[in-house]
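Structural description and commentary
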Amino acid sequence: MRTVLAPLAALLAAAAVSACTDSRQAQREVKWGDRPADITCWTYGVQNFEGRSTGKVEYDEGGRLSFVDASNGRFTTIEGDCRVVYANAE
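A short tour of the structure in this document, coming up.

1. Focus: the sheet that holds strand S1 (residues 37-43)
Taken in spatial order, the 3 strands line up as S2-S1-S6 in an open sheet, and their pairing is antiparallel. Of all strands in the sheet, those with a lone pairing partner are strand S2 (46-52) and strand S6 (81-86), marking the two edges. Across the sheet, the axes of successive neighbouring strands diverge by a mean angle of 10°, strand direction being ignored. Where S1 and S2 come together, 6 bridges link them in antiparallel fashion. For aspartate 38, the partnering residue across the bridge sits in S2 and is arginine 52.

2. Considerations on the nonpolar core
With 9 residues, the main nonpolar core is built from Ala37, Ile39, Cys41, Phe49, Val57, Leu65, Phe67, Ile78 and Tyr86. Among the elements that line this core, the one with the most residues is S1, at 3 residues. Ignoring any residue separated from it by four or fewer positions in sequence, one finds leucine 65 in contact with Ile39, Cys41, Val57, Glu58, Tyr59, Thr76, Thr77, Ile78, Cys82 and Val84.

3. Things to note about the environment of phenylalanine 75
Relative to the elements of secondary structure, phenylalanine 75 occurs in strand S5 (residues 75-79). Separated by 21 residues in sequence, phenylalanine 75 and threonine 54 have C-alpha atoms that sit 10.0 Å apart. Each residue touching phenylalanine 75, except ones within four places of it in the same chain, is listed here: Ser66, Phe67 and Val68.

4. Quick word on the state of the cysteines
Counted by the stated rule, this structure contains 1 disulfide. Shown here is the disulfide that connects cysteine 41 with cysteine 82, its sulfur atoms set 2.0 Å apart. On the sign convention where negative is left-handed, the bridge of cysteine 41 and cysteine 82, at about 110° about the S-S bond, is right-handed. In this pair, cysteine 41 is assigned in strand S1 and cysteine 82 in strand S6, connecting sequence segments 41 residues apart. Residue classification places cysteine 41 among the buried positions, given a relative accessible area of 0%.

5. Topic: the sheet that holds strand S3 (residues 58-59)
The strand order across the open sheet formed by 3 strands is S3-S4-S5, and the pairing between neighbours is antiparallel. The open sheet has two free edges, formed respectively by S3 and S5, since each of these has just one partner strand. As paired elements, S3 and strand S4 (residues 64-68) share 2 bridges and run antiparallel to each other. Counted as the bridge partner of glutamate 58 is serine 66 from S4.

About the cut-offs
- Residues numbered from 1 in each chain as written.
- Predicted model: local features only at pLDDT ≥ 70, side-chain atom pairs only at ≥ 80, totals over all residues.
- Heavy atoms only, no water.
- Pairing = 2+ DSSP bridges.
- Helix = DSSP H or I, 4+ residues; strand = E, 2+ residues; numbered from the N terminus.
- Axes fitted to C-alpha atoms, helices over the stretch in contact; angles between N-to-C directions.
- Core = buried A, V, L, I, M, F, W, Y, C linked by side-chain atoms within 4.5 Å.
- Buried < 20%, exposed > 50% of the residue type's maximum accessible area, 1.4 Å probe, protein only.
- Contact = heavy atoms within 4.5 Å.
- Disulfide = S-S within 2.5 Å.

Structure (structure tokens):
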């Protein structure tokens, strides 16, 4: 009986953790939506990007940012330590 309960408990814990993550991401989507953002990124302390997105900034599981660059209209993906500052709501 114990051998069945341990994996079941682990499975339920994993589901609870992912639900919290999905909930937080959904709240972020509702709050920031499609707003432009100022983005600055560094690699090993050296700034390697500074720009602005046209709208939504997406984050993937590997820590990369993806967005459309406002200066050239190209889809851009950046990896590194980044600061994202969203524009104020008008």
